[in-house]
Amino acid sequence: MARHSIFGKAAAGGALLAESVGITGPPDTLAAEGIGEVEIERNRRGKPFKGKVFAAVHAHLDDIPYFCAGTCAKLINEGYTGYLIRTSNDEKCGYGTANENIKSNEEEHYKMAEILGFSDVFDFYYRNHRMDGISPVEIRSRLIFLFRHLKVDTVLTFNPWGHGEENPDHWVTGEAVGSAYWMCAVDEDHPYVRDYEEHLEAGIEPHEIGERYYFVGRAGQPYNHVVDVSSYIEQKIDALTACKSQGGGCWGSRLRKKLAKEGKRLPILGNDDETADRAYVKQFMMTSYKRLGEQYGLEYAEAFLHFGGQDTPVTASASYSRRQTVEEYIKKHSVPVR
Ligand SMILES: [Zn+2]
């Protein structure tokens, strides 16, 4: 795809000057609720996922870096091809005008995607903080097209039913993925493409997504799956440091400047902005992932509500278990036709 070349144009930084230090931060994953038996996903040898595709779908530049950058880097290293989809235009988030924010977030989004190893980036550019005014059917149809076109096997996104979510861009995006994932496939009970049949005419086949990772976006959201991201924590730090317009990637240099005005300095912040930014992320923004990891005997971890995959059986839906029951009954009781 020609769009890959945009990676090369991603400018370093893009931060605009302002005095305030952002107030958002990573979710307190300690406050999340582990439900049932929590499964631990550890490093796998080699490239067991070669040929598989995942899509990480978020609303804003800093969502994936906060919630699942380590897991994305891990899956890509283990063979997956990763695609990154951002639904909003991030116009409200940054230190400049709306126009400047759209540009800086876009550039940083490409840079962050490259750091994590994504193969391509798709931006939907819906207006920031106004996504609850967009037709859910439109967002869903765009996702279904991409999931089929890219042959996505696995999705990572917000929990579509996650409570405590006040940002409309987050829950609208989660809900759209939560419905697109099953509509892009063919229902086994009704094996005809009924959703967007015209895709077939364009040579785009239905595709089944077998695995979902819904990240913990807010305190109190449930998880049943913890991913060991200890080997990928430096990539996660780099990804967050690339998020200058929002998410904390410029807070180190801001703090350094603020302290200098007061005649003070922190040795860990070094002597230049980039060193300060990275050191700040490493020192102050990894705590919740470290604390979550410690609960499971890991150095760093990310938490998800997880369905499907090779380690977890597909959640037994009513129709799935009915089909199994019918199959078993046929095996036991069927007789030859005379
Ligand atoms: Zn967000």
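Now, about the overall build of the protein chain: what can you tell me, with residues and values included?
Helix and strand content of the protein chain: 11 helices and eight strands. Burial analysis of the protein chain (338 residues in total) assigns 43% to the buried set. Put simply, 81% of the contacts in the protein chain that link residues at least 6 apart link residues at least 24 apart.

I'd like a rundown of the pairing of strand β8 (residues 301-308), residues and numbers included.
Counting buried positions along β8 gives six out of eight residues, so the element sits mostly inside the fold. As judged from the five bridges shared by strand β6 (residues 211-215) and β8, these two strands associate in the antiparallel manner. Of the residues in β8, the one forming a bridge with E211 is G308. Where strand β7 (residues 222-228) meets β8, four bridges bridge the pair, whose relative direction is antiparallel.

I'd like a description of the packing of helix α3 (residues 98-116) against helix α7 (residues 233-241), backed by residues and values.
One can describe the packing of α3 onto α7 by two numbers: an axis separation of 9 Å at closest approach and a directional angle of 170 degrees. Classified by the interaxial angle, the pair formed by α3 and α7 is roughly antiparallel. Along the contact surface, α3 presents M112, I115 and L116, while α7 presents Q235, D238 and A239. Residue composition of the contact of α3 with α7, grouped by class: four nonpolar, one polar and one charged.

An account of unusual backbone geometry is requested, with residue identities and associated values reported.
With phi around 55 degrees, K151 is a residue other than glycine that occupies positive phi space. By the element assignment, K151 lies in the loop between α4 (136-150) and β5 (154-158). Residue K151 is classed as partly exposed on the basis of its C-beta count, with 16 C-beta atoms lying within 10 Å. A positive phi is found at Y196, a non-glycine position, where the angle reads about 55 degrees. Examined against the element boundaries, Y196 turns out to sit in the loop between α5 (168-183) and α6 (198-201).

An account of the confidence of the model for the protein chain is requested, with residue identities and associated values reported.
Of the residues in the protein chain, 85% reach a pLDDT of 70 or more, and the chain-wide mean stands at 88. Across residues 1-26 the pLDDT falls below 50, and counting only partners more than four positions away or on other chains, this stretch makes 40 contacts in the model. Residue range residues 311-316 is modelled with pLDDT below 50. Its contacts to residues more than four positions away, or to other chains, number eight contacts.

Account for the environment of D277, naming residues and giving values.
By secondary structure assignment, the location of D277 is in helix α9 (residues 273-284). It is 8.3 Å that separates the C-alpha atoms of D277 and R254, two residues lying 23 residues apart in sequence.

Please set out the pairing of β6 residue by residue, giving values where relevant.
Most of β6 sits inside the fold, with five of its five residues counted as buried. Of the two faces of β6, the one lined by E211, Y213 and F215 and the one lined by R212 and Y214 are each fully buried. Relative to β6, β5 runs parallel, the two sharing five bridges. Counted as the bridge partner of T157 is Y214 from β6.

Tell me about the environment of K103, and please be specific about residues and values.
Mapping K103 onto the fold places it in helix α3. Its 19 C-beta neighbours within 10 Å are what place K103 among the partly exposed residues. Taking the C-alpha atoms as reference points, K103 and E91, separated by 12 residues in sequence, lie 8.6 Å from one another.

Describe the packing of α7 against α9, and please don't skip the residues or the numbers.
The interhelical angle for the contact between α7 and α9, taken along N-to-C directions, is 125 degrees, at an axis separation of 9 Å. In terms of their interaxial angle, α7 and α9 are classed as oblique. Handedness of the α7/α9 crossing: right-handed. From α7, I237, L240 and T241 reach across to α9, where they touch D277, R278, V281 and K282. When the residues that make up the contact of α7 with α9 are grouped by side-chain class, the tally is three nonpolar, one polar and three charged.

Definitions and cut-offs
Residues numbered from 1 in each chain as written. Predicted model: local features only at pLDDT ≥ 70, side-chain atom pairs only at ≥ 80, totals over all residues. Helix = DSSP H or I, 4+ residues; strand = E, 2+ residues; numbered from the N terminus. Buried ≥ 20, exposed ≤ 12 C-beta atoms within 10 Å, placed from the backbone. Contact = placed C-beta atoms within 7 Å. Pairing = 2+ DSSP bridges. Axes fitted to C-alpha atoms, helices over the stretch in contact; angles between N-to-C directions. Parallel < 35°, antiparallel > 145°, perpendicular 65-115°, else oblique. Nonpolar A, V, L, I, M, F, W, Y, C, P; charged D, E, K, R; others polar. pLDDT = per-residue confidence, 0-100. Left-handed = near helix turned anticlockwise from the far one by under 90°.

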